[in-house]
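# Topology and contacts: notes
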Amino acid sequence: IKALNLTAHYYHVEELLRPEFREFQWNVNNCQRHSIIFTNARGPRKGIDSLFHAVVLLKRRFPDILVKLAGEDGKKSEYRRHLARLAERKGISKNVEFLGSLNARKMTRALMSSHVFVLSSLIENSPNSLCEAQTVGVPCVATYTGGVPSLITEGETGFMVPVGDASMIADRITRIFEDDKLADKVSKQGCNTALARHDPDIVLESLISVYRKVLDLNHDRR
């Protein structure tokens, strides 16, 4: 914003999430081991090719690894067919499951049953998918792009990796797969942070405060 207009007033308000994501909390003892969930598989800018490359690396150590892709638009969509062909070329077609579009309740269950959440995007804004996963408590690995650094404290509420770096993605996933204490720590700290960040009462109060500031500013200019 400042690059476009130095005199602009910038106001930040956190986002509200659907209430279903606040109702349950992830537990490492109840998840499907060595499973990865990616919840916005809708286009190339989400970096699924990097995730698939990471899965190729991870499969050497975890032959039962499974990537669950949610959000793609049906079996007939061209992008889903592209992902299926890509998985086949990389030799991981049996390690990829397409979940389709899920409502909030089904998405919560899918997150709860997964060992780790990955956001491998090439570009981002403030990804709701990451916020939802943190709220549920799934340990998160995400690329350092857009607003992601404002949502994750490295090693505390999740892990960040360079954009397109499949080796780093695989490394961080491995750490979660092999260390339940680390997974539990990141889960709880990420969840607590997200619950506070997206608290409906706090968000509402913040939004009203911003509107008051805007009204006062406009009043002063008259």
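For the structure given in this document, a descriptive report is provided here.

### So, the layout of surface pockets
Here the largest pocket defines a volume of roughly 230 Å³. His12, Glu15, Asn125, Ser126 and Ser150 are, among the 13 residues lining the largest pocket, the residues nearest its centre. Contributing to the lining of the second largest pocket are Arg18, Thr39, Asn40, Lys46, Leu102, Met107, Glu124, Ser126, Pro127, Asn128, Ser129 and Glu132. It is helix α4 (residues 128-136) that provides the largest number of residues to the lining of the second largest pocket, a total of three residues. Grouping the constituent residues of the lining of the second largest pocket by class yields three nonpolar, five polar and four charged.

### Topic: unusual backbone geometry
For residues other than glycine, phi is negative in most cases, and the peptide bonds are mostly trans. Notably, His34 is not glycine yet its phi reads approximately 65°, a positive angle. Tracing the backbone through its elements, the reader meets His34 in the segment before β1 (35-38). Classification of His34 as buried rests on a relative accessible area of 17%.

### Some remarks on the pairing of β1
Here β1 shows no split at all, with Ser35 and Ile37 on one side and Ile36 and Phe38 on the other all buried. Bridge count for β1 against strand β2 (residues 66-70) is four bridges, and the pairing is parallel. Bridge pairing links Phe38 to Leu69 in β2. Regarding the hand of the β-α-β motif, the stretch spanning β1, helix α1 (residues 48-59) and β2 is right-handed. Relative to strand β4 (residues 116-119), β1 runs parallel, the two being bridged by two bridges. Within β4, the position partnered with Ile37 by the bridge is Phe117.

### Regarding a nonpolar patch on the surface
Among the surface-exposed residues, Leu122, Ile123 and Val163 lie close enough to one another that they form a single nonpolar patch of about 240 Å² accessible area. By secondary structure assignment, the location of Leu122 is in the loop between β4 and α4. Classification of Leu122 by relative accessible area gives partly exposed; the value is 37%.

### Describing the environment of Ser120
Along the chain, the position of Ser120 falls in the loop between β4 and α4. When the C-alpha positions of Ser120 and Gly47 are compared, they lie 5.1 Å apart, and in sequence the two are 73 residues distant. In this structure Ser120 touches Phe38, Lys46, Gly47, Ile48, Leu51, Thr143 and Ile169, once residues within four positions along its chain are discounted. A polar atom in the side chain of Ser120 sits 3.0 Å from the backbone oxygen of Gly47.

### Topic: the packing of aromatic side chains
One pass over the full model with this rule turns up one aromatic pair. A centroid spacing of 5.1 Å and a plane angle of 85° characterise the contact between Phe62 and Phe177, whose relative ring orientation is edge-to-face. On the criterion of sequence distance, the pair formed by Phe62 in the loop between α1 and β2 and Phe177 in helix α5 (residues 166-178) is long-range, its members being 115 residues apart. Assigned by exposure class, Phe62 and Phe177 land together as buried.

### A few points about the nonpolar core
In this structure, Ile36, Phe52, Leu111, Phe117 and Ile173 are the most contacted members of the largest nonpolar core, which totals 57 residues. Sequence-distant contacts of Leu111, defined by excluding residues within four places in its chain, comprise Phe21, Trp26, Ile37, Thr39, Phe117, Glu132, Ala133, Val136 and Val138.

### Regarding the sheet that holds strand β3 (residues 96-100)
Judged by pairing direction, the sheet is parallel, and its six strands sit side by side in the order β3-β2-β1-β4-β5-β6 without closing on themselves. Two strands bound the open sheet, and with one partner strand each, they are β3 and β6 (159-161). Averaged over neighbouring strand pairs, the angle between their axes works out to 25° when direction is ignored. Two elements, β4 and strand β5 (residues 140-143), share three bridges in a ladder whose sense is parallel. Each residue of the ladder has a partner; that of Val118, found in β5, is Val141. Helix-sheet contacts for α1 involve β1, β2, β3 and β4, and the interaxial angle to β1 is about 180°.

### Some words on the pattern of salt bridges
If you walk through the whole model with that rule in mind, you get nine salt bridges. Notably, a salt bridge pairs Arg85 with Glu78, separated by 3.2 Å at the nearest N-O pair. In this structure Arg85 comes out as partly exposed when scored by relative accessible area, which is 39%. Taken together, the salt bridges that share partners define one network made up of Glu78, Arg81 and Arg85.

Cut-offs used in this document
- Residues numbered from 1 in each chain as written.
- Predicted model: local features only at pLDDT ≥ 70, side-chain atom pairs only at ≥ 80, totals over all residues.
- Heavy atoms only, no water.
- 1 Å grid on protein atoms, 1.4 Å probe; cavity = no way out; pocket = protein on both sides within 12 Å on 5 of 7 lines; lining within 4 Å.
- Points joined across faces, edges and corners; volume = space filled by probe spheres on them.
- Helix = DSSP H or I, 4+ residues; strand = E, 2+ residues; numbered from the N terminus.
- Nonpolar A, V, L, I, M, F, W, Y, C, P; charged D, E, K, R; others polar.
- Buried < 20%, exposed > 50% of the residue type's maximum accessible area, 1.4 Å probe, protein only.
- Pairing = 2+ DSSP bridges.
- Right-handed = clockwise from strand over helix to strand, strands pointing away.
- Patch = residues over 30% accessible without salt bridge, like charges linked within 9 Å, V, L, I, M, F, W, Y side chains within 5 Å.
- Areas by Shrake-Rupley, 256 points an atom, 1.4 Å probe, with all protein chains shown as cover.
- Salt bridge = Lys/Arg side-chain N within 4 Å of Asp/Glu carboxyl O.
- Contact = heavy atoms within 4.5 Å.
- Polar contact = N/O pair within 3.5 Å; in protein donor to acceptor, adjacent residues only side chain to side chain.
- Phe/Tyr/Trp six-rings, centres within 6.5 Å; stacked < 30°, edge-to-face > 60°.
- Core = buried A, V, L, I, M, F, W, Y, C linked by side-chain atoms within 4.5 Å.
- Axes fitted to C-alpha atoms, helices over the stretch in contact; angles between N-to-C directions.

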